[in-house]
Amino acid sequence: MRIQFVASDSTTAPAGGAVAVMAFEGGKLSTAAETMDKATSGALTRAIAASSRFGGKAGQTVELVAPGGVDIQRLVIVGSGPQDGLSSEVAETFAAQAYAAVKTSGVETLSILLPGAGADLAAHAALGVVLAAYRFDKYRTTEKAEKKPSIETVAIAVDDVAAAEAAYAPLKALGEAVYFSRDLVSEPPNVLYPVEYARRVKALESLGLEVEILGEAEMAKLGMGSLLGVGQGSRRDSQLVVIQWKGGGDSQPVAFVGKGVTFDTGGISIKPADGMEDMKWDMGGSAAVAGLMHVLAARKAKVNAVGVLGLVENMPDGNAQRPGDVVTSMSGQTIEVINTDAEGRLVLADALWYTQDRFKPKFMVDLATLTGAIIISLGNDFAGLFSNNDELADNLLAASRATGEPLWRMPVPAIYDKHIDSAIADMKNVGNGRAGGSITAALFLQRFVNGLPWAHLDIASTAWKKPSTVPTIPDGAVGFGVRLLNRMVADKYEG
(Lines give C-alpha, C1' and ligand atoms only; values in the text may rest on other atoms or scores of the structure.)
Protein backbone atom coordinates (compact mmCIF):
# COMPACT_ATOMS: atom_id res chain seq x y z
CA MET A 1 0.00 0.00 0.00
CA ARG A 2 1.28 3.44 -0.97
CA ILE A 3 0.86 6.54 1.19
CA GLN A 4 0.98 9.93 -0.49
CA PHE A 5 0.23 13.51 0.50
CA VAL A 6 -1.62 15.68 -2.01
CA ALA A 7 -2.65 19.32 -2.05
CA SER A 8 -6.14 19.88 -0.72
CA ASP A 9 -8.83 21.74 -2.62
CA SER A 10 -11.48 23.09 -0.29
CA THR A 11 -13.89 23.79 -3.15
CA THR A 12 -13.72 20.65 -5.30
CA ALA A 13 -14.47 17.04 -4.44
CA PRO A 14 -11.83 14.45 -5.38
CA ALA A 15 -12.60 11.98 -8.14
CA GLY A 16 -12.53 8.19 -7.99
CA GLY A 17 -12.26 5.60 -5.26
CA ALA A 18 -13.36 6.22 -1.68
CA VAL A 19 -13.31 9.47 0.29
CA ALA A 20 -13.22 9.90 4.08
CA VAL A 21 -14.22 13.03 5.99
CA MET A 22 -14.71 13.95 9.63
CA ALA A 23 -17.81 14.91 11.54
CA PHE A 24 -17.77 16.18 15.11
CA GLU A 25 -20.07 15.82 18.09
CA GLY A 26 -23.51 17.13 17.38
CA GLY A 27 -23.18 16.05 13.77
CA LYS A 28 -21.18 19.17 12.86
CA LEU A 29 -19.32 18.66 9.59
CA SER A 30 -15.65 19.39 9.07
CA THR A 31 -14.66 21.82 6.32
CA ALA A 32 -13.95 18.92 3.96
CA ALA A 33 -17.25 17.27 4.85
CA GLU A 34 -19.08 20.52 4.10
CA THR A 35 -17.46 20.60 0.65
CA MET A 36 -18.59 17.05 0.00
CA ASP A 37 -22.06 17.83 1.32
CA LYS A 38 -22.39 20.72 -1.10
CA ALA A 39 -21.08 18.64 -4.01
CA THR A 40 -23.63 15.89 -3.26
CA SER A 41 -26.54 18.30 -2.80
CA GLY A 42 -26.78 17.63 0.92
CA ALA A 43 -26.33 13.85 0.88
CA LEU A 44 -24.11 13.91 3.98
CA THR A 45 -26.57 15.96 5.98
CA ARG A 46 -29.39 13.63 4.98
CA ALA A 47 -27.36 10.51 5.76
CA ILE A 48 -26.49 11.79 9.23
CA ALA A 49 -30.10 12.72 9.87
CA ALA A 50 -31.24 9.28 8.75
CA SER A 51 -28.65 7.60 11.00
CA SER A 52 -30.42 8.41 14.24
CA ARG A 53 -27.63 7.06 16.42
CA PHE A 54 -24.81 8.93 14.70
CA GLY A 55 -23.81 11.90 16.80
CA GLY A 56 -20.25 12.47 15.67
CA LYS A 57 -18.77 10.65 18.64
CA ALA A 58 -15.40 9.00 18.19
CA GLY A 59 -15.77 5.62 16.54
CA GLN A 60 -19.11 6.22 14.86
CA THR A 61 -19.30 5.96 11.07
CA VAL A 62 -21.78 6.50 8.26
CA GLU A 63 -21.08 5.18 4.77
CA LEU A 64 -22.60 6.31 1.49
CA VAL A 65 -22.26 4.17 -1.64
CA ALA A 66 -21.96 5.96 -5.01
CA PRO A 67 -23.38 9.30 -3.81
CA GLY A 68 -24.84 11.50 -6.52
CA GLY A 69 -23.09 14.61 -7.78
CA VAL A 70 -19.53 13.30 -7.38
CA ASP A 71 -17.46 10.73 -9.21
CA ILE A 72 -16.58 8.50 -6.26
CA GLN A 73 -17.57 4.99 -5.28
CA ARG A 74 -17.86 5.39 -1.51
CA LEU A 75 -17.98 8.20 1.01
CA VAL A 76 -17.23 7.53 4.68
CA ILE A 77 -18.14 9.96 7.44
CA VAL A 78 -16.16 9.23 10.60
CA GLY A 79 -17.12 10.64 13.98
CA SER A 80 -14.15 12.28 15.68
CA GLY A 81 -15.53 13.62 18.97
CA PRO A 82 -15.38 17.28 20.07
CA GLN A 83 -14.27 19.70 17.40
CA ASP A 84 -11.80 21.31 19.80
CA GLY A 85 -10.37 17.94 20.79
CA LEU A 86 -8.57 17.18 17.52
CA SER A 87 -5.25 15.53 18.36
CA SER A 88 -2.71 13.18 16.83
CA GLU A 89 -4.49 10.22 18.43
CA VAL A 90 -7.83 11.35 17.01
CA ALA A 91 -6.25 11.75 13.56
CA GLU A 92 -4.80 8.23 13.73
CA THR A 93 -8.12 6.75 14.81
CA PHE A 94 -10.08 8.66 12.15
CA ALA A 95 -7.81 7.44 9.37
CA ALA A 96 -7.69 3.87 10.72
CA GLN A 97 -11.48 3.68 10.88
CA ALA A 98 -11.82 5.13 7.40
CA TYR A 99 -9.44 2.49 6.08
CA ALA A 100 -11.27 -0.31 7.91
CA ALA A 101 -14.59 0.79 6.42
CA VAL A 102 -13.44 0.32 2.81
CA LYS A 103 -10.42 -1.99 2.93
CA THR A 104 -12.21 -4.99 1.36
CA SER A 105 -14.79 -3.03 -0.64
CA GLY A 106 -13.01 -3.48 -3.96
CA VAL A 107 -12.07 0.20 -4.04
CA GLU A 108 -8.39 0.72 -4.82
CA THR A 109 -7.84 4.30 -3.64
CA LEU A 110 -8.81 6.09 -0.45
CA SER A 111 -8.66 9.88 -0.15
CA ILE A 112 -8.54 11.24 3.40
CA LEU A 113 -9.48 14.90 3.49
CA LEU A 114 -7.78 17.01 6.17
CA PRO A 115 -7.67 20.62 4.93
CA GLY A 116 -6.55 23.01 7.63
CA ALA A 117 -5.57 20.22 10.01
CA GLY A 118 -1.82 20.88 9.92
CA ALA A 119 1.15 18.76 8.92
CA ASP A 120 1.50 16.88 12.20
CA LEU A 121 -2.11 15.69 12.21
CA ALA A 122 -1.84 14.66 8.57
CA ALA A 123 1.32 12.69 9.33
CA HIS A 124 -0.41 10.90 12.20
CA ALA A 125 -3.37 10.11 9.96
CA ALA A 126 -0.93 8.41 7.61
CA LEU A 127 0.53 6.44 10.51
CA GLY A 128 -2.98 5.43 11.59
CA VAL A 129 -3.68 3.94 8.17
CA VAL A 130 -0.37 2.11 8.10
CA LEU A 131 -0.88 0.55 11.53
CA ALA A 132 -4.47 -0.42 10.71
CA ALA A 133 -3.42 -2.04 7.43
CA TYR A 134 -1.02 -4.54 9.00
CA ARG A 135 -1.63 -8.15 7.98
CA PHE A 136 0.41 -11.28 8.58
CA ASP A 137 -0.63 -13.43 5.63
CA LYS A 138 2.60 -14.93 4.33
CA TYR A 139 1.38 -18.47 4.98
CA ARG A 140 -2.08 -18.08 3.42
CA THR A 141 -2.36 -19.77 0.04
CA THR A 142 -6.11 -20.20 -0.55
CA GLU A 143 -7.61 -16.92 0.65
CA LYS A 144 -10.31 -15.67 -1.73
CA ALA A 145 -9.65 -12.39 -3.49
CA GLU A 146 -12.76 -10.72 -2.07
CA LYS A 147 -11.41 -11.20 1.46
CA LYS A 148 -8.12 -9.50 0.68
CA PRO A 149 -7.68 -5.74 1.14
CA SER A 150 -8.23 -3.88 -2.10
CA ILE A 151 -6.83 -0.48 -1.13
CA GLU A 152 -3.57 0.15 -2.97
CA THR A 153 -3.13 3.89 -2.49
CA VAL A 154 -4.08 6.25 0.33
CA ALA A 155 -3.95 9.94 -0.56
CA ILE A 156 -4.04 12.38 2.33
CA ALA A 157 -5.16 15.83 1.25
CA VAL A 158 -3.43 18.62 3.18
CA ASP A 159 -2.68 22.32 2.83
CA ASP A 160 1.12 21.96 2.95
CA VAL A 161 2.36 18.80 1.24
CA ALA A 162 6.06 19.37 1.95
CA ALA A 163 5.47 19.99 5.66
CA ALA A 164 3.31 16.86 5.92
CA GLU A 165 5.96 14.74 4.20
CA ALA A 166 8.62 16.06 6.57
CA ALA A 167 6.43 15.37 9.61
CA TYR A 168 5.70 11.87 8.36
CA ALA A 169 9.33 10.80 7.82
CA PRO A 170 10.02 9.75 11.45
CA LEU A 171 6.52 8.27 11.75
CA LYS A 172 7.13 6.21 8.62
CA ALA A 173 10.22 4.81 10.32
CA LEU A 174 8.12 4.11 13.40
CA GLY A 175 5.48 2.28 11.39
CA GLU A 176 8.12 0.10 9.76
CA ALA A 177 9.56 -0.73 13.18
CA VAL A 178 6.14 -1.68 14.55
CA TYR A 179 5.66 -3.94 11.53
CA PHE A 180 9.02 -5.57 12.22
CA SER A 181 8.01 -6.19 15.82
CA ARG A 182 4.56 -7.52 14.85
CA ASP A 183 6.08 -9.84 12.26
CA LEU A 184 8.42 -11.34 14.84
CA VAL A 185 5.56 -11.97 17.27
CA SER A 186 3.33 -13.42 14.53
CA GLU A 187 5.80 -15.96 13.16
CA PRO A 188 5.12 -19.61 14.06
CA PRO A 189 7.57 -21.14 16.53
CA ASN A 190 8.87 -23.74 14.09
CA VAL A 191 10.03 -20.85 11.91
CA LEU A 192 11.16 -18.31 14.52
CA TYR A 193 13.38 -20.06 17.06
CA PRO A 194 16.32 -18.40 18.87
CA VAL A 195 18.97 -18.81 16.17
CA GLU A 196 16.65 -17.66 13.37
CA TYR A 197 15.42 -14.77 15.52
CA ALA A 198 19.00 -13.67 16.12
CA ARG A 199 19.70 -13.87 12.38
CA ARG A 200 16.79 -11.53 11.61
CA VAL A 201 17.97 -9.01 14.17
CA LYS A 202 21.51 -9.24 12.79
CA ALA A 203 20.11 -8.08 9.45
CA LEU A 204 19.24 -4.74 11.10
CA GLU A 205 22.91 -3.82 10.81
CA SER A 206 21.87 -2.43 7.40
CA LEU A 207 20.26 0.44 9.36
CA GLY A 208 23.52 1.27 11.13
CA LEU A 209 23.05 -0.83 14.25
CA GLU A 210 25.82 -2.96 15.75
CA VAL A 211 24.58 -6.47 16.58
CA GLU A 212 26.46 -9.13 18.54
CA ILE A 213 25.18 -12.66 19.07
CA LEU A 214 26.35 -14.71 22.05
CA GLY A 215 25.83 -18.45 21.83
CA GLU A 216 25.58 -20.96 24.63
CA ALA A 217 29.34 -21.38 25.00
CA GLU A 218 29.86 -17.64 25.45
CA MET A 219 26.98 -17.41 27.93
CA ALA A 220 28.29 -20.38 29.90
CA LYS A 221 31.67 -18.70 30.13
CA LEU A 222 29.96 -15.60 31.54
CA GLY A 223 28.17 -17.74 34.14
CA MET A 224 24.62 -17.30 32.82
CA GLY A 225 23.25 -20.41 34.48
CA SER A 226 19.83 -18.86 35.02
CA LEU A 227 19.16 -18.15 31.34
CA LEU A 228 20.78 -21.32 30.07
CA GLY A 229 18.78 -23.48 32.44
CA VAL A 230 15.55 -22.44 30.75
CA GLY A 231 16.66 -23.56 27.29
CA GLN A 232 18.44 -26.77 28.23
CA GLY A 233 15.40 -28.90 27.39
CA SER A 234 15.26 -27.61 23.83
CA ARG A 235 17.09 -28.87 20.75
CA ARG A 236 17.34 -25.21 19.73
CA ASP A 237 20.36 -23.30 21.05
CA SER A 238 19.69 -20.27 23.24
CA GLN A 239 21.06 -16.88 22.18
CA LEU A 240 21.79 -13.51 23.73
CA VAL A 241 21.53 -10.70 21.18
CA VAL A 242 23.19 -7.36 21.95
CA ILE A 243 22.14 -4.40 19.78
CA GLN A 244 23.81 -1.00 19.94
CA TRP A 245 22.83 2.30 18.38
CA LYS A 246 25.52 4.96 18.73
CA GLY A 247 23.88 8.25 17.87
CA GLY A 248 24.69 10.21 21.01
CA GLY A 249 28.44 10.80 20.90
CA ASP A 250 30.10 10.08 24.23
CA SER A 251 26.93 10.16 26.31
CA GLN A 252 25.97 7.39 28.72
CA PRO A 253 23.66 4.89 26.99
CA VAL A 254 20.08 4.04 27.83
CA ALA A 255 19.26 0.33 27.91
CA PHE A 256 16.32 -1.92 27.10
CA VAL A 257 16.10 -5.63 27.82
CA GLY A 258 13.55 -8.04 26.37
CA LYS A 259 12.29 -11.49 27.27
CA GLY A 260 12.43 -13.65 24.16
CA VAL A 261 10.91 -17.06 24.84
CA THR A 262 10.16 -18.10 21.28
CA PHE A 263 7.88 -20.86 22.53
CA ASP A 264 6.85 -21.63 26.08
CA THR A 265 5.46 -25.06 26.88
CA GLY A 266 6.01 -24.36 30.56
CA GLY A 267 8.77 -26.97 30.60
CA ILE A 268 8.33 -29.81 33.09
CA SER A 269 5.67 -27.67 34.81
CA ILE A 270 3.81 -28.00 31.53
CA LYS A 271 0.96 -25.70 30.55
CA PRO A 272 -2.54 -26.95 29.69
CA ALA A 273 -2.99 -27.78 26.01
CA ASP A 274 -5.84 -25.31 25.58
CA GLY A 275 -4.38 -22.09 24.23
CA MET A 276 -0.76 -23.24 24.28
CA GLU A 277 -0.44 -22.28 20.60
CA ASP A 278 -0.51 -18.66 21.73
CA MET A 279 2.78 -19.13 23.51
CA LYS A 280 4.61 -18.29 20.31
CA TRP A 281 4.18 -14.65 21.41
CA ASP A 282 5.98 -15.15 24.71
CA MET A 283 8.83 -13.26 23.04
CA GLY A 284 6.77 -10.05 22.70
CA GLY A 285 9.02 -8.11 25.06
CA SER A 286 12.12 -8.83 23.01
CA ALA A 287 10.23 -7.98 19.80
CA ALA A 288 9.40 -4.57 21.27
CA VAL A 289 13.06 -3.95 22.09
CA ALA A 290 14.09 -5.03 18.58
CA GLY A 291 11.45 -2.72 17.12
CA LEU A 292 12.63 0.16 19.28
CA MET A 293 16.23 -0.26 18.13
CA HIS A 294 14.95 -0.46 14.54
CA VAL A 295 13.21 2.93 14.76
CA LEU A 296 16.03 4.64 16.68
CA ALA A 297 18.45 3.70 13.92
CA ALA A 298 16.06 4.46 11.07
CA ARG A 299 15.32 7.97 12.29
CA LYS A 300 18.94 8.56 13.36
CA ALA A 301 18.07 9.27 16.98
CA LYS A 302 20.57 11.43 18.86
CA VAL A 303 21.08 8.95 21.65
CA ASN A 304 23.25 6.01 22.59
CA ALA A 305 21.00 3.01 23.17
CA VAL A 306 21.51 -0.66 23.95
CA GLY A 307 19.00 -3.45 23.41
CA VAL A 308 19.58 -6.90 24.88
CA LEU A 309 17.40 -9.87 23.93
CA GLY A 310 17.43 -13.13 25.88
CA LEU A 311 16.24 -15.76 23.38
CA VAL A 312 15.32 -19.26 24.52
CA GLU A 313 12.82 -22.03 23.87
CA ASN A 314 11.26 -23.67 26.95
CA MET A 315 10.72 -27.36 26.21
CA PRO A 316 10.18 -30.45 28.42
CA ASP A 317 12.59 -33.12 27.17
CA GLY A 318 14.74 -35.49 29.24
CA ASN A 319 17.38 -32.82 29.72
CA ALA A 320 14.93 -30.14 30.81
CA GLN A 321 15.25 -28.16 34.00
CA ARG A 322 13.29 -29.68 36.88
CA PRO A 323 11.31 -28.14 39.72
CA GLY A 324 13.70 -28.24 42.64
CA ASP A 325 16.85 -27.52 40.63
CA VAL A 326 19.18 -24.79 41.83
CA VAL A 327 20.94 -22.62 39.25
CA THR A 328 23.63 -19.98 39.62
CA SER A 329 23.02 -16.68 37.85
CA MET A 330 25.68 -14.44 36.30
CA SER A 331 25.41 -12.22 39.38
CA GLY A 332 26.53 -15.14 41.54
CA GLN A 333 23.14 -15.34 43.26
CA THR A 334 21.58 -18.79 43.37
CA ILE A 335 17.98 -19.53 42.43
CA GLU A 336 15.81 -22.47 43.43
CA VAL A 337 13.53 -23.30 40.52
CA ILE A 338 10.11 -24.07 41.96
CA ASN A 339 8.12 -23.74 38.74
CA THR A 340 9.72 -24.13 35.31
CA ASP A 341 6.86 -22.12 33.82
CA ALA A 342 8.15 -19.06 35.67
CA GLU A 343 10.98 -19.01 33.16
CA GLY A 344 10.92 -15.46 31.82
CA ARG A 345 12.34 -14.01 35.02
CA LEU A 346 15.18 -16.54 34.87
CA VAL A 347 16.05 -15.33 31.37
CA LEU A 348 15.84 -11.67 32.37
CA ALA A 349 17.91 -12.18 35.53
CA ASP A 350 21.06 -12.83 33.52
CA ALA A 351 20.19 -10.41 30.72
CA LEU A 352 19.66 -7.55 33.18
CA TRP A 353 22.85 -8.28 35.10
CA TYR A 354 24.87 -8.52 31.88
CA THR A 355 23.45 -5.22 30.63
CA GLN A 356 24.18 -3.19 33.75
CA ASP A 357 27.58 -4.81 34.24
CA ARG A 358 28.85 -4.24 30.71
CA PHE A 359 27.24 -0.96 29.65
CA LYS A 360 26.71 1.00 32.90
CA PRO A 361 23.59 2.68 31.43
CA LYS A 362 21.57 5.61 32.78
CA PHE A 363 18.70 3.22 33.36
CA MET A 364 17.30 -0.12 32.23
CA VAL A 365 13.77 -0.85 31.09
CA ASP A 366 12.82 -4.48 30.62
CA LEU A 367 9.76 -5.70 28.74
CA ALA A 368 8.28 -9.14 29.16
CA THR A 369 5.11 -11.14 28.74
CA LEU A 370 5.91 -12.19 32.27
CA THR A 371 2.79 -13.11 34.24
CA GLY A 372 -0.81 -14.10 33.71
CA ALA A 373 -1.41 -12.38 37.03
CA ILE A 374 -1.05 -8.96 35.39
CA ILE A 375 -4.11 -9.76 33.26
CA ILE A 376 -6.06 -10.53 36.42
CA SER A 377 -4.87 -7.25 37.91
CA LEU A 378 -5.30 -4.89 34.96
CA GLY A 379 -7.37 -6.63 32.30
CA ASN A 380 -6.41 -6.73 28.64
CA ASP A 381 -5.68 -3.08 27.90
CA PHE A 382 -3.08 -1.91 30.44
CA ALA A 383 0.47 -3.15 30.90
CA GLY A 384 1.93 -3.15 34.38
CA LEU A 385 4.75 -0.73 35.22
CA PHE A 386 7.04 -1.54 38.13
CA SER A 387 9.99 0.68 38.98
CA ASN A 388 12.53 1.62 41.62
CA ASN A 389 12.81 5.17 40.25
CA ASP A 390 10.04 7.78 40.18
CA GLU A 391 11.58 9.93 37.44
CA LEU A 392 11.91 6.98 35.07
CA ALA A 393 8.40 5.81 35.90
CA ASP A 394 6.97 9.29 35.28
CA ASN A 395 8.74 9.51 31.92
CA LEU A 396 7.29 6.17 30.88
CA LEU A 397 3.79 7.17 31.98
CA ALA A 398 4.01 10.44 30.04
CA ALA A 399 5.05 8.58 26.89
CA SER A 400 2.27 6.09 27.50
CA ARG A 401 -0.35 8.83 27.55
CA ALA A 402 1.11 10.46 24.44
CA THR A 403 1.08 7.30 22.35
CA GLY A 404 -2.03 5.49 23.55
CA GLU A 405 -0.07 2.49 24.84
CA PRO A 406 -1.52 2.33 28.37
CA LEU A 407 0.59 1.67 31.45
CA TRP A 408 -0.48 1.49 35.07
CA ARG A 409 2.10 1.80 37.83
CA MET A 410 2.14 -1.07 40.27
CA PRO A 411 3.85 -1.28 43.69
CA VAL A 412 7.11 -3.04 44.51
CA PRO A 413 6.71 -3.21 48.32
CA ALA A 414 9.69 -4.44 50.30
CA ILE A 415 7.39 -6.43 52.55
CA TYR A 416 6.66 -8.78 49.63
CA ASP A 417 10.33 -9.37 48.88
CA LYS A 418 10.58 -12.05 51.54
CA HIS A 419 8.03 -14.09 49.57
CA ILE A 420 10.76 -15.12 47.14
CA ASP A 421 13.30 -16.12 49.77
CA SER A 422 14.31 -19.79 49.46
CA ALA A 423 15.10 -22.26 52.20
CA ILE A 424 18.10 -23.66 50.28
CA ALA A 425 19.23 -20.91 47.88
CA ASP A 426 19.40 -17.13 47.70
CA MET A 427 15.90 -16.97 46.25
CA LYS A 428 13.20 -18.98 44.52
CA ASN A 429 11.61 -18.13 41.19
CA VAL A 430 8.02 -17.80 42.43
CA GLY A 431 6.33 -16.29 45.47
CA ASN A 432 4.07 -17.91 48.03
CA GLY A 433 1.10 -18.96 45.95
CA ARG A 434 -0.83 -16.91 43.39
CA ALA A 435 -1.32 -13.75 45.46
CA GLY A 436 0.61 -10.77 44.08
CA GLY A 437 2.24 -12.86 41.39
CA SER A 438 3.17 -9.93 39.15
CA ILE A 439 4.64 -8.06 42.12
CA THR A 440 6.82 -10.92 43.33
CA ALA A 441 8.02 -11.45 39.75
CA ALA A 442 9.07 -7.79 39.58
CA LEU A 443 10.77 -8.04 42.97
CA PHE A 444 12.69 -11.05 41.68
CA LEU A 445 13.96 -9.00 38.72
CA GLN A 446 14.87 -6.11 41.01
CA ARG A 447 17.47 -8.32 42.68
CA PHE A 448 19.45 -8.26 39.41
CA VAL A 449 19.55 -4.55 38.60
CA ASN A 450 22.32 -3.76 41.11
CA GLY A 451 20.70 -0.54 42.30
CA LEU A 452 20.47 1.03 38.82
CA PRO A 453 17.34 3.04 37.92
CA TRP A 454 15.09 0.38 36.43
CA ALA A 455 11.57 -0.21 35.20
CA HIS A 456 9.82 -3.44 34.34
CA LEU A 457 6.90 -3.51 31.91
CA ASP A 458 4.78 -6.64 32.22
CA ILE A 459 3.08 -6.72 28.81
CA ALA A 460 1.41 -10.14 29.02
CA SER A 461 -1.92 -8.29 28.85
CA THR A 462 -1.09 -6.14 25.81
CA ALA A 463 1.31 -7.97 23.47
CA TRP A 464 -1.47 -9.79 21.60
CA LYS A 465 -5.05 -8.69 20.91
CA LYS A 466 -7.75 -11.08 19.77
CA PRO A 467 -10.22 -9.61 19.28
CA SER A 468 -8.84 -6.09 19.14
CA THR A 469 -10.99 -3.07 19.88
CA VAL A 470 -8.33 -0.53 18.85
CA PRO A 471 -8.62 0.70 15.24
CA THR A 472 -4.85 0.92 14.72
CA ILE A 473 -4.30 -2.63 16.00
CA PRO A 474 -5.65 -5.50 13.87
CA ASP A 475 -6.26 -8.82 15.61
CA GLY A 476 -2.99 -10.45 16.63
CA ALA A 477 0.42 -8.99 17.38
CA VAL A 478 0.46 -5.44 18.75
CA GLY A 479 4.12 -4.44 18.84
CA PHE A 480 3.28 -2.94 22.22
CA GLY A 481 6.09 -0.85 23.65
CA VAL A 482 7.76 0.29 20.43
CA ARG A 483 5.80 3.53 20.24
CA LEU A 484 5.93 4.49 23.90
CA LEU A 485 9.65 3.77 24.32
CA ASN A 486 10.50 5.63 21.13
CA ARG A 487 8.46 8.58 22.38
CA MET A 488 10.11 8.50 25.81
CA VAL A 489 13.58 8.48 24.26
CA ALA A 490 12.68 11.30 21.88
CA ASP A 491 11.12 13.46 24.59
CA LYS A 492 13.54 12.89 27.45
CA TYR A 493 16.86 11.39 26.44
CA GLU A 494 17.99 12.68 23.05
CA GLY A 495 20.75 15.25 23.13
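Look up a bit, the structure's there.
We now turn to the structure provided with this report. (Residues numbered from 1 in each chain as written. Predicted model: local features only at pLDDT ≥ 70, side-chain atom pairs only at ≥ 80, totals over all residues. Heavy atoms only, no water.)

Quick notes on the overall build of the protein chain
Piece 1. Scanning the protein chain for helices and strands turns up 14 helices and 20 strands.
Piece 2. For 495 residues, the compact-globule formula gives about 23 Å, and the C-alpha radius of gyration of the protein chain, at 24 Å, lands near that figure.
Piece 3. For the protein chain, the spread of C-alpha atoms along the three principal axes comes to 80 × 50 × 40 Å.
Piece 4. At a minimum sequence separation of 6, the contacts of the protein chain that also span at least 24 residues come to 77%.
Piece 5. The distance from the centre of the 45 positive side-chain charges to the centre of the 55 negative ones in the protein chain is 2 Å. (Helix = DSSP H or I, 4+ residues; strand = E, 2+ residues; numbered from the N terminus. Rg over C-alpha atoms; globule rule 2.2 N^0.38 Å. Contact = heavy atoms within 4.5 Å. Lys, Arg positive; Asp, Glu negative; His and termini not counted. Charge placed at Lys NZ, Arg CZ, Asp CG, Glu CD.)

Looking at the environment of Leu-296
Piece 1. Checked against the element boundaries, Leu-296 lands in helix H9 (residues 284-298).
Piece 2. Its relative accessible area of 0% is what places Leu-296 among the buried residues.
Piece 3. Counting along the chain gives 176 residues from Leu-296 to Thr-472, while the straight-line C-alpha distance between them is 21 Å.
Piece 4. What Leu-296 contacts, discounting residues up to four positions off in sequence, is Trp-245, Ala-301, Ala-305, Asn-486 and Val-489. (Buried < 20%, exposed > 50% of the residue type's maximum accessible area, 1.4 Å probe, protein only.)

Considerations on the packing of aromatic side chains
Piece 1. By the definition in use, this model includes eight aromatic pairs.
Piece 2. Summarising the aromatic geometry, the rings of Phe-382 and Trp-408 are spaced 6.1 Å apart at their centres and angled 85° between planes, so their arrangement reads as edge-to-face. One end of the pair, Phe-382, is in the loop between helix H11 (373-378) and strand S15 (383-387); the other, Trp-408, is in strand S16 (residues 407-409), and 26 residues separate them in sequence.
Piece 3. A connected cluster of aromatic rings, assembled from ring pairs, spans Phe-256, Phe-363 and Tyr-493.
Piece 4. Above the plane of the ring of Tyr-193 lies Arg-236, whose end atom (NZ or CZ) is 3.8 Å from the centre. (Phe/Tyr/Trp six-rings, centres within 6.5 Å; stacked < 30°, edge-to-face > 60°. Lys NZ or Arg CZ within 6 Å of the ring centre and 35° of its normal.)

Considering the pattern of salt bridges
Piece 1. Using the criterion set out here, one finds 24 salt bridges in the structure.
Piece 2. A salt bridge links Asp-325 to Arg-322, with the shortest nitrogen-to-oxygen separation between them at 3.2 Å.
Piece 3. Put simply, Lys-138, Glu-187, Glu-196, Arg-199 and Arg-200 are held in one network by salt bridges that share partners. (Salt bridge = Lys/Arg side-chain N within 4 Å of Asp/Glu carboxyl O.)

Some points on the side chain of Arg-345
Piece 1. For Arg-345, the position within the fold is in helix H10 (residues 344-359).
Piece 2. One buried charged side chain, Arg-345, makes no salt bridge at all; its nearest oppositely charged neighbour is Asp-458, positioned 7.2 Å away.
Piece 3. For Arg-345, the residues in contact, after removing those within four places along its chain, are Leu-370, Thr-371, Asn-429, Val-430, Ala-441, Phe-444 and Leu-445.

Regarding the nonpolar core
Piece 1. Counting residues in hydrophobic clusters, the biggest one holds 101 residues, and the most contacted among them are Ile-112, Ile-156, Phe-256, Val-365 and Leu-396.
Piece 2. Every residue in contact with Leu-396, bar those within four places of it in the chain, is listed here: Val-365, Leu-385, Leu-407, Ala-455, Leu-457, Leu-484, Leu-485 and Met-488.
Piece 3. Among the nonpolar cores identified, the runner-up in size contains 47 residues, and Val-306, Val-312, Val-337 and Phe-444 belong to it. (Core = buried A, V, L, I, M, F, W, Y, C linked by side-chain atoms within 4.5 Å.)

Let's talk about helix H12 (residues 390-403)
Piece 1. The end-to-end C-alpha separation of H12 is 20 Å, in line with the 20 Å expected for 14 residues at 1.5 Å each.
Piece 2. Buried within H12 we find Leu-392, Ala-393, Asn-395, Leu-396, Leu-397, Ala-399, Ser-400 and Thr-403.
Piece 3. Tucked into the core, H12 has its buried residues touching strand S14 (364-368), S15, S16, strand S18 (454-458) and helix H14 (482-493).
Piece 4. N-capping of H12 is provided by Asn-389, with a side-chain oxygen placed 3.2 Å from the backbone N of Glu-391.
Piece 5. Looking at the residues trailing H12, positive phi occurs at Gly-404, about 75°. (Expected span 1.5 Å × (residues − 1). Polar contact = N/O pair within 3.5 Å; in protein donor to acceptor, adjacent residues only side chain to side chain.)

A look at the packing of helix H5 (residues 161-186) against H14
Piece 1. Look at H5 against H14: their axes get within 10 Å of each other, and the N-to-C directions meet at 140°. Regarding the angle of H5 to H14, the classification is oblique. For the pair H5 and H14, the crossing hand works out as right-handed. Between H5 and H14, the residues in contact are Leu-174, Ala-177, Val-178 and Ser-181 and Val-482, Arg-483 and Asn-486, respectively. (Axes fitted to C-alpha atoms, helices over the stretch in contact; angles between N-to-C directions. Parallel < 35°, antiparallel > 145°, perpendicular 65-115°, else oblique. Left-handed = near helix turned anticlockwise from the far one by under 90°.)

Focus: the sheet that holds strand S17 (residues 427-428)
Piece 1. With mixed pairing, the three strands of this open sheet are ordered in space as S12-S13-S17. Only two strands of the sheet have a single neighbouring strand rather than two, namely strand S12 (326-328) and S17. (Pairing = 2+ DSSP bridges.)

So, the sheet that holds strand S8 (residues 210-214)
To summarise the sheet geometry, strands pair through backbone hydrogen bonds and adopt either a parallel or an antiparallel arrangement.
Piece 1. The strand order across the open sheet formed by eight strands is S8-S9-S11-S10-S14-S18-S15-S16, and the pairing between neighbours is mixed. A strand with exactly one partner marks an edge of an open sheet, and here the two such strands are S8 and S16. Across the sheet, the axes of successive neighbouring strands diverge by a mean angle of 20°, strand direction being ignored.
Piece 2. Sitting on the sheet, helix H6 (residues 194-202) is in contact with S8, strand S9 (239-246), strand S10 (254-264) and strand S11 (304-314), with an inclination near 160° to S11.

Scope: geometric values only; no functional claims are made or implied.
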